[in-house]
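Survey of secondary and tertiary structure
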Amino acid sequence: MSSPGVRHSALRVLAHPLRSRVLAELRVHGRATATELAGALDTHTSATSYHLRRLEEVGLVHDTGTGTGRRRIWEARAEPAPRPDASEGPQDEDDASAAQWLALDYLEHFGERARGWVEHRAQWPAPWQVAGLEDHLVQVSAEQLTALRAELVEVLERYRRVGQGNPAAKRVVVYTCALPIDASPRTGPRPDPGAASP
């Protein structure tokens, strides 16, 4: 496991619109050159090359060594990218700003993917219509929420490569987002919108 200092540094490096997209592209679509990434992200090869080196410095990507000449083939590290909402160890102001930016960028990225599915789901056969958006309400303590999250990660890890070698299998991205809907303990109960003003 990476040390907190490395994780915090990775957060700051990743808090950049093109770098976050470069890493996402490698994690979803696999190995690629800087030129291929530039084409996929509608930018210049010099830009993707620079940002790949920055990501490499903090251990988020690496050169596979399978390229020839100056053609380097890049791959995302197997270790998960830093979570934007839960860095290890205490955060300073820069860490907090980077985490906030990443969380909002992650939300935007999710919205783009979800919208794409909603707009194109009719093109998929009936058995695949099980995919999509849904929500479940649970009532848990903070400790139980931690356990719930860990169990979901275990299930997802179990299914991560279960379809390997099956020609009918497709890659599916699963987002998890547990959001408290009650008032924060620090702010007290929410006001009743129907209550009369004093």
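Model, not experiment: these values are computed from the prediction.

Some thoughts on the pattern of salt bridges
On inspection of all chains with the given rule, the structure shows eight salt bridges. With its nearest N and O atoms 3.2 Å apart, the salt bridge here joins Asp 105 to Arg 21. With a gap of 84 residues between them, Asp 105 in helix α5 (residues 93-120) and Arg 21 in helix α2 (residues 17-29) connect regions that are remote in the sequence. A single burial state applies to Asp 105 and to Arg 21, both of which are buried. Note that Arg 21 and Glu 112 form a salt bridge whose closest N and O atoms lie 3.8 Å from each other.

What about the confidence of the model for the chain?
Put simply, the chain has an average pLDDT of 84, and 83% of its residues get 70 or more. Confidence scores differ between elements of the chain, with helix α1 (residues 4-14) showing the lowest mean pLDDT of 67 and strand β1 (residues 32-33) the highest of 96. Throughout residues 1-6 the model reports pLDDT below 50, and contacts reaching past four residues in sequence, or to other chains, amount to six contacts.

Brief notes about α2
Across its 13 residues, α2 extends 18 Å between first and last C-alpha, which sits within 8% of the 18 Å expected from 1.5 Å per residue. For α2, the set of buried residues is Leu 18, Arg 19, Ser 20, Arg 21, Val 22, Leu 23, Ala 24, Glu 25 and Leu 26. Backbone geometry just downstream of α2 places Gly 30 in the positive-phi region, at approximately 90 degrees.

Criteria and cut-off values
- All chains use their own residue numbering, which begins from 1 and follows the written sequence.
- In keeping with the model being predicted, local features are shown solely for residues with a pLDDT of at least 70 and side-chain atom pairs are shown and tallied solely at 80 or more, while totals for entire chains, interfaces and linings include all residues.
- As a rule here, side-chain values cover all heavy atoms of the structure and leave hydrogens and water aside.
- By definition, a salt bridge exists where a carboxyl oxygen of Asp or Glu is found within 4 Å of a side-chain nitrogen of Lys or Arg.
- The secondary structure listing takes helices from DSSP runs of H or I that are at least 4 residues long and strands from runs of E that are at least 2 residues long, numbered from the N terminus.
- Categorising residues by exposure relies on relative accessible area from a 1.4 Å probe, with only protein chains included: less than 20% of the type maximum marks a residue as buried, more than 50% marks it as exposed, and the intermediate range marks it as partly exposed.
- pLDDT measures the predictor's confidence residue by residue and takes values from 0 up to 100.
- The contact definition used throughout considers only heavy atoms, calling two residues in contact when any of these lie within 4.5 Å.
- Every helix has an expected span of 1.5 Å times one less than the residues it contains.

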